[in-house]
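Notes for the structure review
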Amino acid sequence: MASIARCLRSARPSGFSSLVKSSVSRPIAIRSFSVTSTNAIRKYTKEHEWIDLSADNKTGVIGISEYAAKALGDVVFVELPEASKKVKAGDAIGAVESVKSAADINAPISCKITAVNVLLEEKPGTINQVPEDDSHGGGWIAKVQVDEEGVKDLEALMDPEAYAEFTAAEGEGEDH
Amino acid sequence: MAPIRPRAGTLGPRSILTRASSLLTSHKQETRRPFTQHQQQALATKRVQIYRSTTSDPYLNLSIEHHLLQNSHPDSTVLFLYINRPCVVIGRNQNPWLEVNLPLLRQGVPPSPNNPNNPNNDTNKTQTRPVALVRRRSGGGTVFHDEGNVNWTVICPPPAFNRDTHAEMVVRAMRGLGIRTARVNERHDIVLDDTSTTYKVSGSAYKLTRQRSLHHGTCLLSSPNLARISPLLRSPAEPFVKARGVESVRSKVRNVGLANEPFVEAVVGEFRAMYGERMEEIEEEEVGAASAMETPEIVKGVRELMSPEWIYGQTPQFTFSTHPTEDDPRERPPLPTDLPTNFHLHLTARHGEIQDIAIRGLGSDQMRDEELSRSLLKQNLLRIPNWRQVLRPTDSVNDEAVPEDVEHVGRWLNNVLGTGSSQ
């Protein structure tokens, strides 16, 4: 999901940064959509993916962040990951297309894809509407199985507060 | 799917550089020397790099470009310039059956009148060259390339990326050459404003990976095929196809009216002005077919880009229906008069594979039609080189004449749903 957010900054020079900043004060973590587990921990990558890890550390759900979804503009196609594929943290597992840009979606941690959100093929705009919703009808990308390596990868990721600060800083960078 | 990228810190396209060094011919303005070990290292780590391709193979050029995207230093900014032989290039998530007139593509275009690589020009005026079908890895819509079109690519780190920066760079190059009305429009394309009309001369597309951002664009300078572009990009299947994914936006195009070389030099000049701290440090490197094909990753990329699995199989799900459906209620044009009057076909294909299919009015009775539909289920469109063959009644002997109805339907389907690999 790397650079999208950044490129869109220039596409929306005014207003966008304040939009981003406002998310700082909004505690994203409180929005609990999870149906897969009750006490999921949500973590974010610098490339704007999120992962919910179940309380038992065995399964997770992956998606792209609200910040990235806003920055992307209208998503016109989602290339879903391949089910049952094993991937390492940082591997490209799928892609989203918006405004002539094919942007990789990367695995936040090492994991095995167990299910993909087929709804997104039919309704790619769901990514713009509810990107951080991991329930049925939400904009989540894939469900995954996680092993010890994956749990360890999680340490390098940001919690919702740290991510909010991170994106706020990115938004500020735009003003220069 | 984008292949696994090298970890941070991986150095530049050393293999290209090494091999390119052996090919480096005397370039007009620059002195060429074979690289020493030290120089190779320097080039591989250099923050600003310029490459020019000497091949006109579109699959190879896109694979060299992809190699630069994946292997150039994460902090580097790279300019790559290339010119392709005639080809139609569709976006990553497009449908070739919907975007392209595939039969016309196979008929080809006349040889380029000013192509120095075509010494038989005078004697071969009637011979056409087929137009290649290419699916690129970036997003966006369908474009036409030929020798009168120059492609430019800028690869940079994500923080430096924005969708207009490098289109503006190309606009500055054009203005410097006297094309005063050039500007970037709201779709990130470069257009020329005429007295009454605005013409597109350059289209943009992007590929964004974890570590790198790629912006590439076309630039129609002096294409002799201008009038052929629109027919090539009008599919006979369009009224019958409803597709997920990305549909092209049609624009009026024209030539800028510049020769390739001055344009390329002006773009290089603007790129140097943007990124060169000390200009003389940025050398231009030529990359040729021979050297590129010695790089295994590029060979792999070419193989992938040329495979029917990529060109056709990457197509997002679509339906093809001869008659209005709930999902696609558009009124259909009349079918060719030589098809059986009650002929109906509806199919859904995902990655080319037929997910559901219903044929009516072709077999001798309903049972035959159902049998035929069942036999086609799960078959892949890209493995159906000839519909006349697959529609034949299963009990017909090989040398038996194909029934007339089947012949006509088969011929029509080859036209609208074929890949043309054996026609």
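Every value quoted in this text rests on a predicted model; they were computed, and no experiment measured them. (Residues numbered from 1 in each chain as written. Chains lettered and ligands numbered in written order. Predicted model: local features only at pLDDT ≥ 70, side-chain atom pairs only at ≥ 80, totals over all residues. Heavy atoms only, no water.)

Observations concerning the overall build of chain A
Rules: Secondary structure elements follow DSSP: runs of H or I no shorter than four residues count as helices, runs of E no shorter than two count as strands, and numbering proceeds from the N terminus. For every residue, the accessible area (1.4 Å probe, protein chains only) is compared with the maximum for its type, and the residue is labelled buried under 20%, exposed over 50%, or partly exposed between those bounds. Contacts between residues were defined by any pair of non-hydrogen atoms, one from each residue, lying within 4.5 Å.
A count of helical and extended segments in chain A gives 7 helices and 9 strands. Within the span of chain A, comprising 176 residues, buried residues form 57% of the whole. A separation threshold of at least 6 residues defines the contact pool for chain A, and within that pool the share at least 24 residues apart is 66%.

A look at the pattern of salt bridges
The criterion, for reference: Take a side-chain nitrogen of Lys or Arg and a carboxyl oxygen of Asp or Glu: if they are within 4 Å of each other, that pair is a salt bridge.
Tallying each qualifying case throughout the model produces 27 salt bridges over all chains. Lys-100 of chain A is paired through a salt bridge with Asp-189 of chain B; the nearest N and O atoms lie 2.8 Å apart. Of this pair, Lys-100 of chain A sits in the loop between β6 (92-98) and β7 (101-106) while Asp-189 of chain B sits in the loop between β7 (182-184) and β8 (190-193), placing the two residues on different chains. For Lys-100 of chain A, a relative accessible area of 11% gives the class buried. A residue is classified by how much of its surface remains accessible, and Asp-189 of chain B, at 1% relative accessible area, is buried.

Overview of the UniProt feature "modified residue: N6-lipoyllysine" (unreviewed entry) in chain A
What counts is decided by this rule: UniProt positions are given in the numbering used here, feature names are shortened, and annotations may be inferred rather than shown by experiment.
Those places that UniProt annotates as "modified residue: N6-lipoyllysine" (unreviewed entry) correspond, in this numbering, to Lys-100 of chain A. Ignoring sequence-local partners within four residues, the contact set of Lys-100 of chain A consists of Gly-139, Gly-140, Arg-187, Asp-189, Ser-204, Ala-205 and Tyr-206 of chain B.

Quick word on the confidence of the model for chain A
Convention followed: For every residue, the predictor states its confidence as a pLDDT score lying anywhere from 0 to 100.
Confidence in the prediction for chain A averages 80 pLDDT; 74% of positions are at 70 or higher. In this model residues 5-32 of chain A is a low-confidence stretch, pLDDT under 50, and it forms 50 contacts with partners more than four residues away in sequence or in other chains.

Things to note about the packing of helix α6 (residues 165-176) of chain B against helix α8 (residues 260-275) of chain B
Residues and elements named next belong to chain B. Threshold: Every axis in this analysis is a line fitted to C-alpha atoms, fitted for helices over the stretch in contact. Angles between the N-to-C directions lie between 0 and 180 degrees. Our angle categories are set so that under 35 degrees counts as roughly parallel, over 145 as roughly antiparallel, 65 to 115 as roughly perpendicular, and the remainder as oblique. Crossing handedness follows the turn of the near helix against the far one: under a right angle anticlockwise gives a left-handed crossing, and clockwise gives a right-handed one. The classification used treats Ala, Val, Leu, Ile, Met, Phe, Trp, Tyr, Cys and Pro as nonpolar, Asp, Glu, Lys and Arg as charged, and all other residues, Gly among them, as polar.
Where α6 contacts α8, the axes come no closer than 8 Å and their chain directions differ by 125 degrees. Between α6 and α8, the angle falls in the class oblique. Regarding α6 and α8, the two cross each other, and that crossing is right-handed. Residue-level contacts link Thr-165, His-166, Met-169, Val-170, Arg-172, Ala-173 and Met-174 of α6 to Phe-263, Ala-266, Val-267, Glu-270, Phe-271, Met-274 and Tyr-275 of α8. Its residues assigned to classes, the contact of α6 with α8 comprises 10 nonpolar, 2 polar and 2 charged.

Describing unusual backbone geometry
A negative phi angle is the norm for most residues apart from glycine, just as the trans form is the norm for most peptide bonds. Residues and elements named next belong to chain A. The residue Ser-84 is not glycine, and still its phi comes out positive at about 70 degrees. Phi is positive for Val-99, close to 45 degrees, though the residue is something other than glycine. As for its placement among the helices and strands, Val-99 is situated in the loop between β6 and β7. Residue Val-99 is classed as partly exposed on the basis of its relative accessible area of 34%.

Examining helix α14 (residues 404-417) of chain B
Residues three or four positions apart in an α-helix share a direction because the helix packs 3.6 residues into each turn. Residue and element names in this part refer to chain B. Test applied: To estimate the expected span of a helix, subtract one from its residue number and multiply by 1.5 Å.
For α14, built from 14 residues, the straight-helix expectation of 20 Å at 1.5 Å per residue is met to within 8% by its first-to-last C-alpha distance of 19 Å. Most of α14 sits inside the fold, with 10 of its 14 residues counted as buried. Within α14, the full set of buried residues consists of Val-406, Glu-407, His-408, Val-409, Gly-410, Trp-412, Leu-413, Asn-414, Val-416 and Leu-417. Close packing links the buried residues of α14 with α4 (96-99), α5 (102-107), β14 (318-321), β15 (344-350) and α13 (387-390).

Considerations on the sheet that holds β7 of chain B
All names here are of chain B. Filter applied, for reference: Any two strands are treated as partners once DSSP identifies two or more bridges connecting them.
Taken in spatial order, the 3 strands make up an open sheet running β7-β8-β9, and their pairing is antiparallel. Edge positions in the open sheet fall to β7 and β9 (198-202), since each of these has one partner strand only. Shown here is a sheet whose adjacent strand axes are inclined to one another by a mean of 40 degrees, direction ignored.

Remarks on the pairing of strand β16 (residues 353-360) of chain B
All names here are of chain B. With 7 bridges connecting them, β15 and β16 associate as antiparallel partners. When the bridges of β16 are listed, Thr-348 appears paired with Asp-356. Taken together, β15 and the strand that follows it, β16, pair antiparallel across an intervening segment of 2 residues, in which His-351 is found at a positive phi of about 50 degrees.

Side note on the nonpolar core
All names here are of chain B. Note the cut-off: For the purposes of this section, nonpolar cores are sets of buried Ala, Val, Leu, Ile, Met, Phe, Trp, Tyr and Cys residues that join through side-chain atoms within 4.5 Å. Each domain's extent is set by a domain assignment, obtained either automatically or from a database.
Counting 68 residues, the largest nonpolar core has Phe-320, Trp-387, Leu-391 and Leu-413 as its most contacted members. Formed jointly, this core draws a minimum of three residues from each of two domains, domain 1 (14-307) and domain 2 (318-417). Counting 31 residues, the second largest nonpolar core, distinct from the first, contains Met-174, Leu-221, Ala-266 and Phe-271.

Focus on the interface of chain A and chain B
So the rule is basically this: Put simply, buried area is how much 1.4 Å-probe accessible surface two parts lose in total, over both of them, once they are put together. In protein, a polar contact requires one atom able to donate a hydrogen and another able to accept it; more generally it is a pair of N or O atoms within 3.5 Å, and residues adjacent in sequence count only if both atoms are side-chain atoms.
Each partner contributes to the interface: chain A provides 31 residues, whereas chain B provides 34 residues. Both sides together, the interface formed by chain A and chain B hides about 2700 Å², and carbon and sulfur atoms give 49% of it. Between Arg-350 of chain B and Glu-121 of chain A there is a salt bridge; the shortest N-O distance is 2.4 Å. Between chain A and chain B we count 16 residue pairs in polar contact (both at pLDDT 80 or more) in total. For the side of chain A that touches chain B, the secondary structure elements donating two or more residues are α1 (4-11), β4 (75-79), β6, β7 and α4 (119-122) of chain A. Sorting elements by how many residues they give to the side of chain A that touches chain B places α1 of chain A first, with 6 residues. Across the side of chain A that touches chain B, the residue classes tally to 14 nonpolar, 7 polar and 10 charged.

Details of helix α10 (residues 296-306) of chain B
Residue and element names in this part refer to chain B. Convention followed: What the arc measures is the spread of directions leading from the helix axis to the C-beta atoms.
By the burial criterion, the buried members of α10 are Ile-298, Val-299, Gly-301, Val-302 and Leu-305. The buried residues of α10 occupy one face: seen down the axis, they fall within an arc of 160 degrees. Residues of α10 that are exposed and point more than 90 degrees away from the buried face comprise Pro-296, Lys-300 and Arg-303.

Regarding the confidence of the model for chain B
Summary statistics for chain B give a mean pLDDT of 85 and a share of 83% for residues scoring 70 or more. Every residue in residues 119-123 of chain B scores below 50 in pLDDT, and together they form 2 contacts with partners more than four places removed in sequence or on other chains.

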